[in-house]
Amino acid sequence: MKQPPLDMFVRLVSWGSTLLLLASVATVIGFLLFKGYGSFDLKLVFGDTPPLEALLLRRPVFGGLFPAMVGTLSLVVLAISLAVPIGLAAGIYMAEYGRGRIQQALGLFFDILAGVPSIVVGLFGFSVAVFLHRHFGGRIYPCLLISALSLAFLVLPYLIRTTQNALEALPEAVRLTAPALGATRLQNIRFVLLPRALPGILSGAILAIGRCAEDTAVIMLTGVVATAGLPRSLFSSYEALPFYIYYISAQYRDSAELATGYAAALILLAICAMLFAAAALIKQRLGARSHQRL
Amino acid sequence: MDGERIAQKVFLLAAVLSASVTVLLLAFMVILGLPLFQGGLFLEILTQPWLPGRQLFGVWPMIAGTLAIASLAVAIAFPLSLGVSSLIAVVAPGRIARLVKSAVAFMTGIPTVVYGFVGVFLLVPLVRESLSRGSGLCVLSAALVLGILVAPTMILFFSDALARVPRSHRIAAEALGATPAQVLIYVLIPGAWRGIVTGLVLSTGRAVGDTLIALMLAGNAAQVPNSLLDSARALTAHIALVIASDFDSLEFKTIFACGILLYAFTAAATLAVRRLGRKRTPAR
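Summary of the structure given here.

Things to note about the overall build of chain B
When you go through chain B residue by residue, the secondary structure sums to 12 helices and two strands. Secondary structure elements of chain B, listed N to C terminal, follow the sequence α-α-β-β-α-α-α-α-α-α-α-α-α-α. Summarising its shape, the C-alpha atoms of chain B cover approximately 75 × 70 × 30 Å along the three principal directions. A buried classification covers 55% of the 284 residues belonging to chain B. Counting only contacts in chain B whose residues sit at least 6 apart along the sequence, the fraction spanning at least 24 positions is 70%. As displayed, chain B offers around 11900 Å² of accessible surface, 66% of which is attributable to carbon and sulfur atoms. Side-chain charges in chain B split into 21 positive and 11 negative, and the spacing between the mean points of these groups amounts to 13 Å.

This is the structure in structure tokens:
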């Protein structure tokens, strides 16, 4: 049977745009693999320093990605450990305690914060550093701590909302059982609701890690530099993978440096892909669990 | 019972602290950019050209640059996203739809800087050679990559909205003999318009707020672009470029004007989306 022209048109457009989109992603990934896979070896990460010496922090690494990888790792660990406790607590408030107007107003603030561009959050971090520099002696400059704090602000609304949604999605039966047996509100949250909502909260936290690892706009305003070696303290400048990729694209001196740029882009892509897969896996388990309940 | 009350206070404190960040963000920009608000200077800055040689520090070219790049990116992403979400909803439901949907979800996790990097070394030379004009760093290059970047967000919102249209409406149309394309165009898309507008507004917010793509691919010339092949500078890129200059100069203060503009735009987008009646945070 011949299809009506409208159906032909819709099929053509939807298949065409799907193939176009998938092809462009495949091109991005394929291009990086093609250009970057050749430069994967220990020298890429550690330069001319023996790997063991570098890992034990005995000798500095020059010309390798090691300092940038350590910088990104410390940044993510700091930012997440600042953001998760506050995000979790605020999410619990929104789902379990907040009522009426106050809850609505708080929700509005979180939604606005979630939409603020990351460069504006970076500008805020920079301004905070300037403020501290002027009022608390001249020792504070944009640094690792300021960057981590700004990244924490960036992912905070996201963590609050995933916590809130995970808690609110729990069925009423789960919510009422423990109180009926005499548990207090806090005991119910601590021993029943949070454990049941954990997969949802966890997958949200993992996606937040990915966001901290890939964000470039925030850190370029708050203390990341092209060459700093390993971060010496919370108050020192540092290197990071995404900034290194940006820097190489604009300032590479020779083809060897460019090759490390391709490799760094591949590494960052792989990290984010793994985090994404982990979050998806946890979410899938969550889905399987809620089907079991029915 | 004391532990209960302390816990409740702690949870409330965390929520209030988080909400105060939203206010502090704006307050810091306004206070540090204070000289801008005296004697009509703010309006001048928004409308004047950027000519540091003549002591003119207007950000109008950056506003025009952002508008050009973001609107072109959205114009590229919108039909593409509508096509992909139609495939998911109607044309190829089932296994193919699930596969496409996970690929799209994965795309939201690809780092922006990676898109920018590939754009610099793959797309820019292509644009430069095929159009034999300029450096290839232009509005078109940035908008093409930015379109690919915001499309996944749009698709997830669109296909979500299409799937929410009540099944009964669909079945009724099919019973009347509607073909899949007719169901899509006369039933699903009209029924999902709120979700579609929501996705459109939030993706526009993302396109306006993105820094790296414009910074890496648009060329950053502080001029109002006259064609797709002109270099342009976005508001976000302007902040990243001027941050290194002297803190007390008027040139530096303009970045707070850019920051306030970006904040105002994205806040307005958020309010618009909330008025549409859906409370959802953008998926990154």
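Picking up after the structure, the text goes on.
Re the packing of aromatic side chains
Throughout the structure, instances matching the rule amount to 19 aromatic pairs over all chains. Note on Y262(A) and F117(B): the rings are 5.1 Å apart at their centroids and 85° apart in plane angle, and the pair reads as edge-to-face. Of this pair, Y262(A) sits in helix α12 (residues 255–293) while F117(B) is found in helix α5 (residues 112–131), placing the two residues in two different chains. Overall, the relative accessible area of 5% leaves Y262(A) in the buried class. Residue classification places F117(B) among the buried positions, given a relative accessible area of 0%. Note on F37(B) and F42(B): the rings are 4.9 Å apart at their centroids and 25° apart in plane angle, and the pair reads as stacked. By relative accessible area, which is 36% here, F37(B) ends up partly exposed. Each member of the aromatic cluster is reached from another via a ring pair, and the members are F31(A), Y252(A), Y262(A), F117(B) and F121(B).

Brief notes about the interface of chain A and chain B
With 79 residues of chain A at the contact, the number on the chain B side is 80 residues. Carbon and sulfur atoms supply 82% of the area that chain A and chain B bury against each other, a total of about 7000 Å² over both sides. If you sort the residues of chain A by the area they bury against chain B, L21(A), L123(A) and F124(A) come out on top, with a joint share of 9%. A salt bridge links D111(A) to R274(B); the nearest nitrogen and oxygen atoms lie 2.8 Å apart. Across the contact surface, chain A and chain B share seven residue pairs in polar contact (both at pLDDT 80 or more). When residues of the side of chain A that touches chain B are assigned to their parent elements, the largest contribution, 19 residues, is made by helix α1 (residues 5–36) of chain A. In terms of residue class, the side of chain A that touches chain B is made up of 57 nonpolar, 14 polar and eight charged.

Focus: the nonpolar core
Among the nonpolar cores identified, the biggest contains 183 residues, and L21(A), L32(A), M220(A), Y115(B) and F117(B) are the most heavily contacted of them. Broken down by element, this core gets its largest block of residues, 15 residues, from helix α6 (residues 139–164) of chain B. Other than its neighbours up to four places away in sequence, F117(B) contacts L32(A), I245(A), I248(A), S249(A), L258(A), G261(A), Y262(A), A265(A) and M216(B). Within the second largest apolar cluster, five residues are counted, among which are V45(A), A54(A), V61(A) and F66(A).

What to know about the environment of C258(B)
Relative to the elements of secondary structure, C258(B) occurs in helix α12 (residues 250–275). On a C-alpha basis, the gap between C258(B) and V59(B) in space is 7.5 Å, while along the polypeptide they are 199 residues apart.

Observations concerning the pattern of salt bridges
All names here are of chain A. Under the counting rule described, the total for this entry stands at six salt bridges over all chains. Between R175 and E96 there is a salt bridge; the shortest N-O distance is 2.9 Å. Of this pair, R175 sits in helix α8 (residues 172–180) while E96 is found in helix α4 (residues 66–97), placing the two residues 79 residues apart along the sequence. As far as the burial class goes, R175 and E96 line up, both buried. With a shortest N-O distance of 3.1 Å, R161 and D111 are connected by a salt bridge.

Quick word on the packing of helix α3 (residues 60–91) of chain B against helix α9 (residues 193–209) of chain B
Residue and element names in this part refer to chain B. At a closest axis distance of 9 Å, the pairing of α3 and α9 adopts a crossing angle of 140°. Classified by the interaxial angle, the pair formed by α3 and α9 is oblique. Pair α3 / α9 crosses with right-handed handedness. For the pair formed by α3 and α9, the contact residues are T66, A70, V74, F78 and L82 on the first element and I196, L200, T204, A207 and V208 on the second. Residues of the contact of α3 with α9, tallied by class, amount to eight nonpolar, two polar and no charged.

A short note on the environment of S168(B)
All names here are of chain B. Summarising the element assignment, S168 is placed in helix α7 (residues 167–175). The exposure class of S168 is partly exposed, given its relative accessible area of 48%. In sequence terms S168 and I255 are 87 residues apart; their C-alpha atoms lie 52 Å from each other.

Thoughts on helix α11 (residues 235–242) of chain B
Summarising burial for α11(B): seven of the eight residues are buried, a large majority. Inspection of α11(B) places L235(B), T236(B), A237(B), H238(B), I239(B), A240(B) and V242(B) among the buried residues, and these make up the whole buried set.

Conventions and cut-offs
Residues numbered from 1 in each chain as written. Chains lettered and ligands numbered in written order. Predicted model: local features only at pLDDT ≥ 70, side-chain atom pairs only at ≥ 80, totals over all residues. Heavy atoms only, no water. Helix = DSSP H or I, 4+ residues; strand = E, 2+ residues; numbered from the N terminus. Buried < 20%, exposed > 50% of the residue type's maximum accessible area, 1.4 Å probe, protein only. Contact = heavy atoms within 4.5 Å. Areas by Shrake-Rupley, 256 points an atom, 1.4 Å probe, with all protein chains shown as cover. Lys, Arg positive; Asp, Glu negative; His and termini not counted. Charge placed at Lys NZ, Arg CZ, Asp CG, Glu CD. Phe/Tyr/Trp six-rings, centres within 6.5 Å; stacked < 30°, edge-to-face > 60°. Buried area = accessible area lost by both parts, 1.4 Å probe. Salt bridge = Lys/Arg side-chain N within 4 Å of Asp/Glu carboxyl O. Polar contact = N/O pair within 3.5 Å; in protein donor to acceptor, adjacent residues only side chain to side chain. Nonpolar A, V, L, I, M, F, W, Y, C, P; charged D, E, K, R; others polar. Core = buried A, V, L, I, M, F, W, Y, C linked by side-chain atoms within 4.5 Å. Axes fitted to C-alpha atoms, helices over the stretch in contact; angles between N-to-C directions. Parallel < 35°, antiparallel > 145°, perpendicular 65-115°, else oblique. Left-handed = near helix turned anticlockwise from the far one by under 90°.

In short, geometric facts, not functional conclusions.
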